Number of protein chains: 4
Amino acid sequence: MKLVHDPIHGYIELDEFAIKLVDTPEFQRLRRITQLGFAFLAYPSARHTRFEHSLGTFHLAGEIRRHNPEIEEEAVYAALLHDIGHYPFSHTLEGLFPRHEENTVWLIKHGEIREAIEENYSVSKLIKFLKHPVVSGDIDSDRMDYLVRDAYYTGAAYGVIDLERLVRNLIFREGMLVVGEKGIMAAQNLLLARAMMYPTVYFHHTAKIAEAMLRKAVELEGISLEEIRLMDEVDLTSRLRNSERPEVRELVRAIDNRKLYKRVFCSNSELSPETVEHIRRALEDEFAHLALVDYPPKPKYEERNAFVLVGGELNRLSEVSPLVKSLVELKNVYWRWCVYARKDVKENVEHALKKLL
Amino acid sequence: MKLVHDPIHGYIELDEFAIKLVDTPEFQRLRRITQLGFAFLAYPSARHTRFEHSLGTFHLAGEIRRHNPEIEEEAVYAALLHDIGHYPFSHTLEGLFPRHEENTVWLIKHGEIREAIEENYSVSKLIKFLKHPVVSGDIDSDRMDYLVRDAYYTGAAYGVIDLERLVRNLIFREGMLVVGEKGIMAAQNLLLARAMMYPTVYFHHTAKIAEAMLRKAVELEGISLEEIRLMDEVDLTSRLRNSERPEVRELVRAIDNRKLYKRVFCSNSELSPETVEHIRRALEDEFAHLALVDYPPKPKYEERNAFVLVGGELNRLSEVSPLVKSLVELKNVYWRWCVYARKDVKENVEHALKKLL
Amino acid sequence: MKLVHDPIHGYIELDEFAIKLVDTPEFQRLRRITQLGFAFLAYPSARHTRFEHSLGTFHLAGEIRRHNPEIEEEAVYAALLHDIGHYPFSHTLEGLFPRHEENTVWLIKHGEIREAIEENYSVSKLIKFLKHPVVSGDIDSDRMDYLVRDAYYTGAAYGVIDLERLVRNLIFREGMLVVGEKGIMAAQNLLLARAMMYPTVYFHHTAKIAEAMLRKAVELEGISLEEIRLMDEVDLTSRLRNSERPEVRELVRAIDNRKLYKRVFCSNSELSPETVEHIRRALEDEFAHLALVDYPPKPKYEERNAFVLVGGELNRLSEVSPLVKSLVELKNVYWRWCVYARKDVKENVEHALKKLL
Amino acid sequence: MKLVHDPIHGYIELDEFAIKLVDTPEFQRLRRITQLGFAFLAYPSARHTRFEHSLGTFHLAGEIRRHNPEIEEEAVYAALLHDIGHYPFSHTLEGLFPRHEENTVWLIKHGEIREAIEENYSVSKLIKFLKHPVVSGDIDSDRMDYLVRDAYYTGAAYGVIDLERLVRNLIFREGMLVVGEKGIMAAQNLLLARAMMYPTVYFHHTAKIAEAMLRKAVELEGISLEEIRLMDEVDLTSRLRNSERPEVRELVRAIDNRKLYKRVFCSNSELSPETVEHIRRALEDEFAHLALVDYPPKPKYEERNAFVLVGGELNRLSEVSPLVKSLVELKNVYWRWCVYARKDVKENVEHALKKLL
């Protein structure tokens, strides 16, 4: 048994099997994948990584299981491994490659970690547990850890959650992780905290611009899925810095020196995929990598799937809590797509865009 | 100048005039008025008093004025004094006596503090400033202090607010204290925090029962407004403990020993004042002080009066934030009236009540 | 099982027997005994009580036992009850009456709580456990709780301790609670924190003056041990406010209104008991209750009795840690005796004192 | 003016000139220099960088100046820039290259930042201010920031300091920054906190081993001072990963995967430089890069240079505080030199070392 010091949970206990999983190159690589991508350009102290978040998720999953011993132990190790597939700068590159969940499965199947897993479990079984509600639900150990952790490291005041109350009131029942009556307020608070972290941290426009710039650089560099799977942020950044293409080097240097593109335009009206593609191409034809269209997927506030037990009966949390219900509306308030451009061509891009829209 | 150590704000600076106001019997009495009445029966550590809350409110009012120098300094001293009229156990006795704001005015006019005030201001002028938006609005120094402070002392996870961001983004304009664009999220968070503190702390049923018991004891003892005005919790408690009426002594001893009455019935349907009075009398006739009807006033979530500046224009916060809008609905979710009874007569009261309803 | 919310430990679990002990008048009385006496006159927010401290001590004792199952469960309940004998304003009156530990034993033997205890244990057995190292050593659950708690409520920066590391590294061995190698730094930190809390909080001169004034009032009022045993702060304060002796009423009113006596003289030279008595009488003859001699017992920093396990061998912590060793010297740095006097006679007392010394 | 969000200080205000300094490649590079080198191998969450520490130091220097307006403003900007010369992984490489202070001066003279500085000051003048007591004393803004920050990010309980009290009680006098009487306890606490952070965090053996491994890799790779001056951690790590020398690649891969060398031997007896060199060479001859001698410089606890004002007179803090005095002894308690070796040759190295000693 080993104790890891953590500012959020105090001490995290790792048993022997967990230590074996952590001591693999795939898991150690998470030390070099920042949790919040480029959020550090807006919140300089947000330098925490997927490594400590994964340990924290494991810890909370274990706590939930302590109160619900019928949960299989595989779910707790799945919580430990749920994020090993993240690409450099976390969600930044998910527009160019399969979602990180798919890469997690790929790495479990093909990485050195496979061998470590097989000492105790079949790989295919563990993969199934990645979808277990303890790690992959609306109120789960993953969210509980990242909200509190992201708030701690950014200094944002919105992620304070009564973790202990929530853990004590999560009930595993009929394959679901539902919230007991005494945990409703804490669960509501978790979903509210998440809703407030989106506009202030996760969708912060400075980070968004840097992410769009990096995506463009990776695209221009022509990095393949096979290459990116195991890269850490050192590999990717140095690859781009040393690119043969000057525009790639320019983009990454601009990010490094925080000479970011400027917002030309933002809107929260949805467009058809064709229109987005049309705008993207038209701007690219004229401005090449100097103008970027950032049309992010709409966030899934799947709050409707959180269930609570009231008087022995299952209810949707959104039916019990008017605040949670109103979170659904927020989706349309905070989502938006934008066009960014290098400072010197900003006005030209603006002009061209007006014609297009 | 004097520095007072405070866990919430670090150090609070008191200037000479503030020191004079604090050094009066009326203000020192606040050291013996607990901020949250009987909440300590549910949250044992909630023993903080109106004294430190008043200092904290003064501090925040001063900070707001530092960013808005056109606010008159009287408003800051009014913030210091805004709560001196609280009766023992804060809001508990407001059903029996005029609201504490009226007693604040009375004490300022008739207490020793009058003399201290008059060294700098006219008493009538200072009284007017008690309604200044810095201390008496929807987003004001009073609320900002008590939410953070109550969360700190109860240990509830719901009162964390980005005070600094809010203070920096409150703008005094046309006699209103409005929220600047960069403070919207923090203001929304304040109102949400308040909404969550209501059911978990401020309306906690254990405190509610003790409050109803104390009100009955004070009523039976026949304490007059003249008597209560200046009483602190020592005066009131010892008066009741030493009452000539055995039922008064019994009530206060039951509170002291936490042998509280039990809930017989709760409902969130509204009743006409006549019906309430009818039930109250019928139960009293049969059970005397052993059955209590607690029909609290509906809480005023006056979130509709919080204004924000968006693009130079004033908007209601509830129009900008769907979450704040939905807070209005909560009013009806958490409010309720109840009947309590001593354990041994609980069933009889239940029976009698059924006939009445 | 019942959960109590606590800002220090999160949630404290009370089992059925603990609930029975808590639900006695003797234990509920602790809600009205402030933890730090008159420290609130210097740290306004220090209003916490022996009640929550007792729950916290119980919690930590339970945690230590969880890591050392050979500790008898009686020790944990003794931790819960260890402070029930405290007089109003905690240590303030210990100069006039037997130490609170003696009153704890008396109350256990003669209070209603005796009956609750006897449902599970013999009273004499439980009394023996009050001296168990889990609650009554140099590094014990009592100190661990009060240091962290007092720091939290005063806002002092000196009481931060790695409680979890300490709890995990306390080893019960040969009837002693010793510190394992990995807990040495945390144990050292606890003793340092304590040493810094003494001059800043526990010996704060403002509190010391008020304490001396209260002791004089109680002495003049002639309150007997039989009376004080069960009094809470309401009883004592109202008794003094309503005294027939005007000087008693004057003293308590002065404390209430924070019109405290002034320091005339302080020294850290020791005097013989006879000299102290001589000065006390001489000043009393001339100034009655207007001059007070405060000659406190020297604090026992019994750090020499804390043992640590290094490489399997027991060592005194003071031998392993040069910092702890130097704590012994501090005793003589911070201790001092003083003479206080009412403002208007301060100079006369100073004059008289000069002649005496 | 720009506000930067920081978990330690809330919001940090950057004026226009500070923004210009921050917006240079030299300063932005600090975002990719971790504050604590390889401490993250022991404290996974210690991923903070010199960037946010530099902003925090600037903030505190500004606060100290606010209370001491006679301090020249250059000192505050010097505080901002004091760490720009740090090499990758902070102090790790200082054994191979000149101390980072020298590189700071070099970068100020030769970097792009020179131009930004010269808009307001002469470069030579600003360089002189790098030695100003506000940023380079025993109690200074640098230490105040890093202790609190390192404690926050590691989760260690030893860095809690009453920053506000300290800032309010630092007095600039005769070219020194001395501690006022009311700040003595806080200053003592700062030095104690530092003394406790050394063994637990700064000298943590896991980090020490990784540092020794990196130094060896950099030495073998033959990186020159000219190369290292401007490198960030991406540059250095990718350079080593792509080295032509297999032993360099092996060393950096071992660090990446946390397959660290093991301790063969540690001692706190001092050796002569010749003996160290002799051992180093002998082991190198036999084991090449597989055995490493880590003989760190003795830490300078220059607590003797901290001065306090007591009754208007300057005293050394170590004379006023017995605890601070005893800190000097600690130097010899925690310092030690070690020999590390790759696991498979550990015993051979042990054997060889025995012969040498």
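Bear in mind that the values here come from a model prediction, so they are computed numbers and not experimental data.

### What about the sheet that holds strand E9 (residues 337–341) of chain A?
Residue and element names in this part refer to chain A.
Line of reasoning, step 1. Ordered in space as E5-E9-E6, the 3 strands form an open sheet in which the pairing is antiparallel. The open sheet has two free edges, formed respectively by strand E5 (262–267) and strand E6 (291–294), since each of these has just one partner strand. Taking the axes of each pair of neighbouring strands and ignoring which way they run, one obtains an average angle of 15 degrees across the sheet.
Line of reasoning, step 2. With 5 bridges joining them, E5 and E9 adopt antiparallel strand pairing.

### Brief notes about the pattern of salt bridges
All names here are of chain B.
Line of reasoning, step 1. The final tally for this structure, using the stated rule, is 119 salt bridges over all chains.
Line of reasoning, step 2. We note a salt bridge from Asp145 to Arg149, for which the minimum N-O separation is 2.8 Å. Note that Asp145 and Arg149 are positioned in helix H9 (residues 141–154) at a spacing of 4 residues, about one turn of the helix.
Line of reasoning, step 3. Relative accessible area serves as the criterion here: at 0%, Arg149 is assigned to the buried category.

### A few points about the packing of aromatic side chains
Line of reasoning, step 1. In this structure the tally under the stated criterion is 64 aromatic pairs over all chains.
Line of reasoning, step 2. A network of ring pairs unites the aromatic residues Phe17, Phe58, Tyr77 and Tyr121 of chain A as a single cluster.
Line of reasoning, step 3. Over the ring of Phe40 of chain A we find Arg47 of chain A, and its NZ or CZ is 3.8 Å from the ring centre.
Line of reasoning, step 4. The lysine or arginine in question, Arg31 of chain C, covers the ring of Phe51 of chain C, its NZ or CZ lying 3.9 Å from the ring centre.

### Observations concerning the domain arrangement of chain A
Residues and elements named next belong to chain A.
Line of reasoning, step 1. Under the domain assignment, chain A is made up of domain 1 (2–204) and domain 2 (208–298 + 336–356).
Line of reasoning, step 2. When each unit is reduced to the centre of its C-alpha atoms, the spacing between domain 1 and domain 2 is 29 Å.
Line of reasoning, step 3. Taken residue by residue, the interface counts 21 residues in domain 1 and 21 residues in domain 2.
Line of reasoning, step 4. Carbon and sulfur atoms make up 67% of the area that domain 1 and domain 2 hide from each other, which totals about 2100 Å².
Line of reasoning, step 5. Area buried by domain 1 at its contact with domain 2 is led by Phe38, Leu41 and Phe97, which between them contribute 26% of it.
Line of reasoning, step 6. Remark: the boundary between domain 1 and domain 2 carries 1 salt bridge.
Line of reasoning, step 7. Arg32 serves as the salt-bridge partner of Asp232, at 2.6 Å between the closest nitrogen and oxygen.
Line of reasoning, step 8. The interface formed by domain 1 and domain 2 contains 10 residue pairs in polar contact (both at pLDDT 80 or more).

Cut-offs used in this document
- Residues numbered from 1 in each chain as written.
- Chains lettered and ligands numbered in written order.
- Predicted model: local features only at pLDDT ≥ 70, side-chain atom pairs only at ≥ 80, totals over all residues.
- Heavy atoms only, no water.
- Pairing = 2+ DSSP bridges.
- Helix = DSSP H or I, 4+ residues; strand = E, 2+ residues; numbered from the N terminus.
- Axes fitted to C-alpha atoms, helices over the stretch in contact; angles between N-to-C directions.
- Salt bridge = Lys/Arg side-chain N within 4 Å of Asp/Glu carboxyl O.
- Buried < 20%, exposed > 50% of the residue type's maximum accessible area, 1.4 Å probe, protein only.
- Phe/Tyr/Trp six-rings, centres within 6.5 Å; stacked < 30°, edge-to-face > 60°.
- Lys NZ or Arg CZ within 6 Å of the ring centre and 35° of its normal.
- Domains from an automatic or database assignment.
- Contact = heavy atoms within 4.5 Å.
- Buried area = accessible area lost by both parts, 1.4 Å probe.
- Polar contact = N/O pair within 3.5 Å; in protein donor to acceptor, adjacent residues only side chain to side chain.

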